[in-house]
Amino acid sequence: MTPLRHIAIVGLGSIGRRHLRLLNQLRPEIAVTLVRSGKGSRWPEEALATQTVPSIQQALDLGIQAAIISSPAPTHVPQAAELIRAGIPLLIEKPLSNRLSDAVQLSDLAQQANTLVLVGYVLRYAISALRFHELLSEGRLGVPLFARIESGSYLPDWRPEQDYRLTASARSELGGGVLLELSHELDYANWFFGPFHNMQAALRNSGTLGIDVEDTADLVLKAHDSLPVSIHLDFCRRHATRTCTIYGREGSLTWDAIQNRISWLSATGDDEHWDCAAERDAMFRSQLTHFLACVEQGETPKVSLNDGIDALALVEAARRSDREGNVVYL
């Protein structure tokens, strides 16, 4: 085991600041070099870093041993490629890119360089998600009939300290829109129910937020075992919802990702509940701990480059289906 002593964080948006704060709590002995373009706002968390430099090359010259990429999606691949060529293990925030072809090329490069990459689909570390995944395999549902995923919230509430219209979530050139921003749901749909065979999708900009990206998406997918899975995504509703329900012949199982609660309702009306209460940082802390273990102890990444590519493949299929108005085969 070679202990990490120096990590770079590329980009200091909301998720970059969270990584910086948690890394400082978990491993205060690790030096952190921030890589920032100089165009973003200054934040109090920057004081937790050892230094700030304007380029990845300067961070490499300072001897970084690993890196976290938390910049806007369109910059992920070129930044990651520079670090991978230098042999630096990476945690790349979701989504891998705003373009599937670029993500595939990055995967090829990482394989050639034999460089470790973990993709930041953090819901996979939520205790409630892990428990739901276990329950799916217990057989209590009987014959699975269909599944429904719903995730919606109000974009202006996400980061009250910023003008939401200027954030990456709201701008097409920065990889915004619900498909990429809420691709957590696409990732865990693959994890719970995939792989998928085909999809039909409808995307919409409601016009209520004054942004130039889709704020609503509805997808209907069919898994290879013929299970139909419907997914609704939006960031224009006033009251946040994040749930996944699978219906079977013997009852239904629901995961509420906001309440961290799982509910079982049997065909006979009997119910059962599992409360997996955890503060919001818990899953991010678990992900960061796992990344450090991958780098220092050789653990296998729980969310691979292929997982990130699979989520992007669903994004691109949804866009194609909406554009062509028909079913797309995956």
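Rules used in this analysis
- Residues numbered from 1 in each chain as written.
- Predicted model: local features only at pLDDT ≥ 70, side-chain atom pairs only at ≥ 80, totals over all residues.
- Heavy atoms only, no water.
- Core = buried A, V, L, I, M, F, W, Y, C linked by side-chain atoms within 4.5 Å.
- Buried < 20%, exposed > 50% of the residue type's maximum accessible area, 1.4 Å probe, protein only.
- Helix = DSSP H or I, 4+ residues; strand = E, 2+ residues; numbered from the N terminus.
- Contact = heavy atoms within 4.5 Å.
- Pairing = 2+ DSSP bridges.
- Axes fitted to C-alpha atoms, helices over the stretch in contact; angles between N-to-C directions.
- Polar contact = N/O pair within 3.5 Å; in protein donor to acceptor, adjacent residues only side chain to side chain.
- Salt bridge = Lys/Arg side-chain N within 4 Å of Asp/Glu carboxyl O.
- Patch = residues over 30% accessible without salt bridge, like charges linked within 9 Å, V, L, I, M, F, W, Y side chains within 5 Å.
- Areas by Shrake-Rupley, 256 points an atom, 1.4 Å probe, with all protein chains shown as cover.

Glancing now at the nonpolar core. In terms of nonpolar packing, the biggest core is built from 106 residues, with Leu 83, Leu 90, Phe 193, Leu 219, Ile 231, Leu 253 and Trp 255 touching the most fellow members. Examining the composition of this core, we find that eight residues originate from one element, helix H9 (residues 305-324), more than from any other. For Leu 90, the contacting residues outside a window of four places in its chain are Ala 67, Ile 69, Ala 80, Leu 83, Ile 84, Leu 116, Val 117, Leu 118 and Phe 291.

Taken together, six strands build an open sheet; the order of strands is E3-E2-E1-E4-E5-E6 and the sheet is parallel. With one partner strand each, in any of the chains shown, strand E3 (51-53) and strand E6 (117-120) form the two edges of the open sheet. Here the strands of the sheet are splayed against their neighbours by 20 degrees on average, with no regard to which way each runs. The pairing of strand E1 (residues 6-10) with strand E2 (residues 31-35) spans five bridges and is classified as parallel. Considered in E2, the bridge of Ile 7 is made with Val 32.

Another aspect to go through is the side chain of Gln 79. Along the chain, Gln 79 turns up in helix H3 (residues 73-85). In this structure Gln 79 comes out as buried when scored by relative accessible area, which is 18%. Residues contacting Gln 79, with those up to four places away along its chain left out, are Val 10, Ile 56, Ile 69 and Ser 71.

Turning next to the environment of Trp 255. Examined against the element boundaries, Trp 255 turns out to sit in strand E12 (residues 251-256). With relative accessibility at 1%, the residue Trp 255 sits in the buried group. Residues Trp 255 and Ile 149, 106 residues apart in the sequence, show an inter-C-alpha distance of 9.4 Å. Residues in contact with Trp 255, not counting those within four places in the same chain, are Leu 123, Ser 128, Ala 129, Phe 132, Tyr 188, Phe 192, Arg 242, Thr 243, Cys 244, Arg 261 and Ile 262. At 2.9 Å, the side chain of Trp 255 and the side chain of Ser 128 are in polar contact.

By the definition in use, this model includes 24 salt bridges. Where Arg 21 meets Asp 281, a salt bridge forms, and the shortest distance between an N and an O atom there is 2.8 Å. Of this pair, Arg 21 sits in helix H1 (residues 14-26) while Asp 281 sits in helix H8 (residues 281-297), and the two are 260 residues apart along the sequence. Relative accessible area serves as the criterion here: at 28%, Arg 21 is assigned to the partly exposed category. Among the residues examined, Asp 281 registers a relative accessible area of 11% and is labelled buried. Here Arg 27 makes a salt bridge to Glu 296, at a shortest N to O gap of 2.8 Å. With Arg 27 in the loop between H1 and E2 and Glu 296 in helix H8, this residue pair connects regions lying 269 residues apart in the sequence.

So, about a nonpolar patch on the surface. A cluster of nonpolar side chains, contributed by Val 143, Leu 145, Phe 146 and Tyr 247, occupies part of the molecular surface with about 340 Å² of accessible area. Its location among the elements puts Val 143 in the loop between helix H5 (127-136) and strand E7 (144-154). For Val 143, a relative accessible area of 44% translates into the label partly exposed.

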